[in-house]
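# Fold and contact review
Spelled out, the chains give:
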Amino acid sequence: MEASGNCTIRVLPVPDGPLGRSAHAVHERLAPFGLGGESFSPELPLIAFTVPADADLRQMKTLLTRGQMDGWWHFEEPCVTDAWRNA
């Protein structure tokens, strides 16, 4: 086996934030990065994204951090690479 270099990021929209409980709205914000992902359910719109190794990690981290600061979502980094940590 070999490591793929991909990361996994989970995003949960803030229910009373600008995106509401919309997993679709989160997907739209992150679509430019070419992420694949799936959401848990409409009641719990937790989205797990696969981040390709060749994605613009620095720009993505900036957007995720800004979105969290602006109350759009919370995010966590359950499976990341050194490239992600250093971006």
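A short tour of the structure in this document, coming up. Treat the numbers as computed from the prediction; the structure is a model and nothing was measured. (Residues numbered from 1 in each chain as written. Predicted model: local features only at pLDDT ≥ 70, side-chain atom pairs only at ≥ 80, totals over all residues. Heavy atoms only, no water.)

Before going further, it helps to spend a moment on helix H1 (residues 23-30). Each turn of an α-helix holds 3.6 residues, which means side chains three or four residues apart point in the same direction. Looking at H1, one finds that the buried residues are Ala-23, Ala-25, Val-26 and Leu-30. The buried residues of H1 occupy one face: seen down the axis, they fall within an arc of 160 degrees. Those residues of H1 that are buried are in contact with strand E1 (7-13), strand E2 (36-39), strand E3 (47-51), helix H2 (57-69) and strand E4 (73-79). (Buried < 20%, exposed > 50% of the residue type's maximum accessible area, 1.4 Å probe, protein only. Helix = DSSP H or I, 4+ residues; strand = E, 2+ residues; numbered from the N terminus. Arc of directions from axis to C-beta. Contact = heavy atoms within 4.5 Å.)

Further remarks concern the pattern of salt bridges. Proximity of charged atoms lets side chains of opposite charge pair with each other. Here the structure, examined in full by the defined rule, presents 2 salt bridges. Among the salt bridges present, the one from Asp-82 reaches Arg-85, with a minimum N-O distance of 2.8 Å. Of this pair, Asp-82 and Arg-85 both sit in helix H3 (residues 82-86), 3 residues apart, which is roughly one turn of that helix. Across the pair, exposure class does not vary: Asp-82 and Arg-85 are exposed alike. (Salt bridge = Lys/Arg side-chain N within 4 Å of Asp/Glu carboxyl O.)

The tendency in soluble globular proteins is for nonpolar side chains to be buried as a group. If you look at the biggest cluster of nonpolar residues, it comprises 22 residues, and the most contacted ones within it are Leu-30, Val-51 and Trp-84. Listing elements by their share of this core, those giving two or more residues are E1, H1, E3 and H2. Every residue in contact with Trp-84, bar those within four places of it in the chain, is listed here: Cys-7, Ile-9, Val-51, Leu-57, Met-60, Lys-61, Leu-64 and Glu-77. (Core = buried A, V, L, I, M, F, W, Y, C linked by side-chain atoms within 4.5 Å.)

According to the stated counting rule, one finds 1 aromatic pair in the structure shown. With centroids separated by 5.3 Å and ring planes inclined at 85 degrees, the aromatic side chains of Trp-72 and Trp-73 adopt a geometry described as edge-to-face. Each member of the pair, Trp-72 together with Trp-73, is buried. It is Arg-29 that lies over the ring of Trp-72; its NZ or CZ is 5.1 Å from the centre. (Phe/Tyr/Trp six-rings, centres within 6.5 Å; stacked < 30°, edge-to-face > 60°. Lys NZ or Arg CZ within 6 Å of the ring centre and 35° of its normal.)

So, about the environment of Thr-8. Here Thr-8 is to be found in strand E1. Taking the C-alpha atoms as reference points, Thr-8 and Phe-49, separated by 41 residues in sequence, lie 5.6 Å from one another. Here Thr-8 is in contact with Phe-49, Glu-77, Pro-78, Cys-79 and Val-80, once residues within four sequence places are set aside.

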